[in-house]
Amino acid sequence: QVQLVESGGGSVQPGGSLRLSCVASGSIFRINVMGWYRQVPGKEREWVADISTCGMTNYVDSVKGRFTISRDNAKNTLYLQMSSLKPEDTAIYYCNVKQTLAPYDSWGQGTQVTVSS
């Protein structure tokens, strides 16, 4: 199995920035798309962004221009640079990894991001 550990969350004021990291370890085979999701208690988990092995990126409309997803394949690490944070960005952010031919995605435990004045 692949273990995913997120870090970098915290509490910031609106307009602030945070950089989330996700390190993959363990049985790392055929890692394909990596992405970030977020979830607010009582609501469905929301896809935020993803990135392919070739560096192609996709974002949910609400974060375009503010968030940047990147990855370092050599370090098996995923990043999410978040700027111009808004209160509605408050959520637990989860790292997601898809492996070729794997029946299930891998998930981290999440890191809390709180944006408030």
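Here the structure is shown first, and the text comes after it.
Below is a summary of the structure that appears in this document.

Rules and cut-offs
Residues numbered from 1 in each chain as written. Predicted model: local features only at pLDDT ≥ 70, side-chain atom pairs only at ≥ 80, totals over all residues. Heavy atoms only, no water. Helix = DSSP H or I, 4+ residues; strand = E, 2+ residues; numbered from the N terminus. Buried < 20%, exposed > 50% of the residue type's maximum accessible area, 1.4 Å probe, protein only. Disulfide = S-S within 2.5 Å. Phe/Tyr/Trp six-rings, centres within 6.5 Å; stacked < 30°, edge-to-face > 60°. Lys NZ or Arg CZ within 6 Å of the ring centre and 35° of its normal. Core = buried A, V, L, I, M, F, W, Y, C linked by side-chain atoms within 4.5 Å. Contact = heavy atoms within 4.5 Å.

**Comments concerning unusual backbone geometry**
With a phi angle near 50°, Arg 30 is a residue other than glycine that sits in the positive phi range. Within the fold, Arg 30 resides in the loop between strand 3 (18–26) and strand 4 (31–39). According to the relative accessible area criterion, Arg 30 is exposed, its value standing at 54%.

**So, the state of the cysteines**
Counted under the stated rule, the structure contains one disulfide. Cys 95 supplies the cysteine sulfur nearest to Cys 54, a cysteine that is in no disulfide, at a spacing of 18 Å.

**Things to note about the packing of aromatic side chains**
Considering all chains together, one arrives at one aromatic pair under this definition. A centroid spacing of 4.9 Å and a plane angle of 65° characterise the contact between Tyr 37 and Trp 107, whose relative ring orientation is edge-to-face. Taken together, the residues Tyr 37 in strand 4 and Trp 107 in strand 10 (residues 106–107) connect sequence positions 70 residues apart. Of the residues examined, Tyr 37 reaches a relative accessible area of 17% and is grouped as buried. Between Arg 19 and the ring centre of Tyr 79, over which it is positioned, the NZ or CZ distance is 4.0 Å. Positioned above the aromatic ring of Trp 107 is the side chain of Arg 45, whose terminal nitrogen or guanidinium carbon lies 4.6 Å from the ring centre.

**What about the nonpolar core?**
Residues Trp 36, Phe 67, Ile 69, Leu 78, Leu 80, Met 82 and Tyr 93 are the most contacted members of the largest nonpolar core, which totals 28 residues. When residues of this core are traced back to their parent elements, those giving at least two are strand 1 (2–7), strand 3, strand 4, strand 5 (46–51), strand 7 (67–72), strand 8 (77–82), strand 9 (91–99) and strand 11 (111–115). Not counting residues up to four positions away in its chain, the partners in contact with Met 82 are Gly 16, Ser 17, Leu 18, Leu 20, Arg 66, Phe 67, Tyr 93 and Val 113.

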